[in-house]
Amino acid sequence: MEDLRIKYVDLEQSENLESHRTNGFRNTKSLVVRRGAPFKVSVQLEGRPFSPKIDTLRVKVMLGNLYAVMPVTFSKSSSKSSWNAYIDPEEWNPLKPSIYICSPASASVGSYRFQLCVLTQDGQKSSAYDNFILLCNPWCSADTVYIPFEDQREEYIQSDSGLLFMGSGTNIVARPWSFDQYEPGVLEACLNLLQVSPQHKKNRKMDYLNRNNPVYLSRVVSAMINSEDDRGVLKGNWTGDFKQGVSPSMWTGSGDILRKWNQSGNSPVKYGQCWVFAAVMCTVMRVLGIPCRVITNFNSAHDTNGNLVIEEYYSATGQKLNRTKDSIWNFHVWVECWMTRRDLESGMDGWQVLDPTPQQRSGGVYCCGPAPVKAIKNKRVDLFYDVPFVYASVNADIHTIILGQGQVLGFSKDTERVGSLICTKAVGFPRLQKITGDYKYIKSSSQGVLVFLTLDKSPIVGEPVSFSVKIMNKQNVAKMLKVHLNAQAKEYNHSPSDTFWENHGVLQLAPMEVKVVRQKIPLAQYEDVVGDNLINLAVVVEDMASQERVLSSEEFNIASPQLIIQVADEKSIIQHSEQTALVTFINPYSYPVSGVLTVAGAGLLQGKVQFRMPPLPPGGIVDQPIPFMPNMVGKKMLQASLWLTNMNVTIRGFKMVSVNSV
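For clarity, every value in this text was computed on a predicted model and none was experimentally measured.

Here is what the cut-offs are and how they apply
- Residues numbered from 1 in each chain as written.
- Predicted model: local features only at pLDDT ≥ 70, side-chain atom pairs only at ≥ 80, totals over all residues.
- Heavy atoms only, no water.
- Axes fitted to C-alpha atoms, helices over the stretch in contact; angles between N-to-C directions.
- Helix = DSSP H or I, 4+ residues; strand = E, 2+ residues; numbered from the N terminus.
- Parallel < 35°, antiparallel > 145°, perpendicular 65-115°, else oblique.
- Contact = heavy atoms within 4.5 Å.
- Nonpolar A, V, L, I, M, F, W, Y, C, P; charged D, E, K, R; others polar.
- Buried < 20%, exposed > 50% of the residue type's maximum accessible area, 1.4 Å probe, protein only.
- Pairing = 2+ DSSP bridges.
- 1 Å grid on protein atoms, 1.4 Å probe; cavity = no way out; pocket = protein on both sides within 12 Å on 5 of 7 lines; lining within 4 Å.
- Points joined across faces, edges and corners; volume = space filled by probe spheres on them.
- Polar contact = N/O pair within 3.5 Å; in protein donor to acceptor, adjacent residues only side chain to side chain.
- Phe/Tyr/Trp six-rings, centres within 6.5 Å; stacked < 30°, edge-to-face > 60°.
- Lys NZ or Arg CZ within 6 Å of the ring centre and 35° of its normal.

With that settled, the discussion passes to the packing of helix α3 (residues 186-195) against helix α8 (residues 274-288). Between α3 and α8, the least distance of the axes is 10 Å, while the angle of their chain directions is 95 degrees. Looking at the two axes, α3 sits roughly perpendicular to α8. Of the residues in α8, those touching α3 at V186, L187, C190, L191, L193 and L194 are T283, V284, V287 and L288. Along the lines of polarity and charge, the residues of the contact of α3 with α8 split into 9 nonpolar, 1 polar and no charged.

Below is the structure:
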């Protein structure tokens, strides 16, 4: 009888990628599949046909030193809890059998090797080896990351672009971001992140075993995105000096960061701030198959002493003072991941907060979460992980103290400002979705106040900042009031710098009278100061008779002008067919500007293209054509950023385009 040998193994790439929804990873060296679902392998035999009566097939899968061995049967197993392999009798071909290998829905994530053996009755053995990458499977109901809605799976797993919300709650800026999970080298970097983690170095076997659990995976990734304790991806920098690396504001996607980290032998990439840490983590989690979205919390409290109170100090003339380690960031960005929490009591499944920005240690390591959003809302500070820290971020009280000559001149308590707006990108649409009610019970406030400071409209570069101060006399006696107005520039997470504009005056109010004072900060007074920073605007009103003082403040950003992106025949964009986009910029400033335009688009452009923009006079218009050739089907983001070199300001714009198959 002739020898029975394996000639080659066909991993049926196209069929498997389609059925496992991993088409985006088509250019990866290894086959990429999801756990809890079978993938097909065809075996070309030579010598003689396979005979089920005298020959057997066996599969061995290996992850590090862990392995599972299974016989290939002729009946499909219904088990979702163990590895199995079978041949569909209806597809039986004795010279080229097709084998289905199915992992349990709780299999560990990682890069596997597998061995396929054919054994004959007389003891002959022929083997072949290959590789595959196994990811979590949110389409599988037995998987702990299962999310039941297809539009959410498309948004939180498959979408490779999105929006990050920044600025202030009164003037929100939507920044385009390319998650880049299908770009060359990104999958490899995400898997390598697990391999270089301290958990893997300390105990490889336990790490491989624990990788079946999204709680464990997300905690490892949260720590590995920052570089405080390990060979993590990003180095944080909030000093304003970025000469040794890239300013956080200059990044437009995760791919450049992850590739640079992986290619440098895992040296931290310089630099990141909260939105960069969160966006890169979102990429890694989506690659691993865990549903993930980026969250912005406006007026986010950083409570350093754990008392759930943030103290803010002002001078008698409205200048904000740096007197406490507690702080309120105008915005803070983290991620949520969707998973079942079998380690906690029932009712804690669903969205979990994870924060890779290094703020405080958790279990001795700079990471945060997963903290169930339901636990945060219900103040379940006894549950894992880091619920007290996140609860304070969205729910701390603010005590505002006005000081003068070493004495407290005024005091107020605000229970509403922290966590005033929590949001994410809407499913399927490039717009904001409010999720504040997921985190906290919305309180209604009926308490009267003496002074309101409100912006007349969202401030825009090139126009004065217009605002109103509404002052109410709530008593039956006339009042003479001093009114102090003060404006300072500040970064989103810092105390303000020196005052750049102020105004002082006296106002008389009749009993129970209400007056509105309208003010403007001229363009010339803020355009050289603010840049990408925010403005802290405060008013202190002093009753000259009683010397009682009250304060109202507002922190806001000046909205940058937008780049306009247009695409000709945008309804007929075809894969592998050249298209042209037009990027337009109008100079709103009172002086000439020059800079560098960068255009990128995952699935639309290979890498990035750059153009130098010569000096453009005030009111001048520049148009730049951008040829591109889409290589992926679906909704894609074309994004452009213009760095104005003489101002150190970045102008952005994006366009969502739908690419159709040929």
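Okay, the pairing of strand β39 (residues 649-659) next. Of all the 11 residues making up β39, 8 are buried; the element is thus mostly covered by neighbouring parts of the structure. Pairing between strand β38 (residues 634-644) and β39: 11 bridges, direction antiparallel. The residue bridging L638 from the neighbouring strand is K655, located in β39. In this antiparallel pair of consecutive strands, β38 and β39, the connection spans 4 residues, and N648 shows a positive phi of 55 degrees.

Counted by the stated rule, this structure contains 5 cavities of 30 Å³ or more. A volume near 160 Å³ is recorded for the largest cavity. Forming the walls of the largest cavity are 17 residues, and the residues nearest its centre are K320, T324, D326, S327 and S495. Residue classes in the lining of the largest cavity are distributed as 5 nonpolar, 6 polar and 6 charged.

Within the secondary structure layout, N297 lies in strand β14 (residues 292-302). For N297, the side chain forms a polar contact with the main-chain oxygen of S393, separated by 3.0 Å. Apart from the residues lying within four places of it in its own chain, the contact partners of N297 are N330, F331, H332, W334, S393, V394, G419, L421 and I422.

The geometry of an aromatic ring pair comes down to the distance between the two centres and the angle between the two planes. Counted under the stated rule, the structure contains 19 aromatic pairs. Plain terms: the ring middles of W334 and Y439 are 6.1 Å apart, the flat faces sit at 45 degrees to each other, and that makes the pair tilted. Taken together, the residues span a long stretch of sequence, with W334 in strand β17 (residues 327-339) and Y439 in helix α11 (residues 436-439) at a distance of 105 residues. A relative accessible area of 0% places Y439 in the buried class. Measuring from centroid to centroid gives 5.3 Å for W338 and W351, while their planes differ by 80 degrees, and the two rings are edge-to-face. Taken together, the residues span a long stretch of sequence, with W338 in strand β17 and W351 in strand β18 (residues 350-354) at a distance of 13 residues. Three or more aromatic residues joined by ring pairs form one cluster here, namely F39, W83, Y112, F114 and F132. Above the plane of the ring of F179 lies R286, whose end atom (NZ or CZ) is 4.5 Å from the centre. Over the face of the ring belonging to Y441 we find K377, whose NZ or CZ atom lies 4.6 Å from the ring centre.

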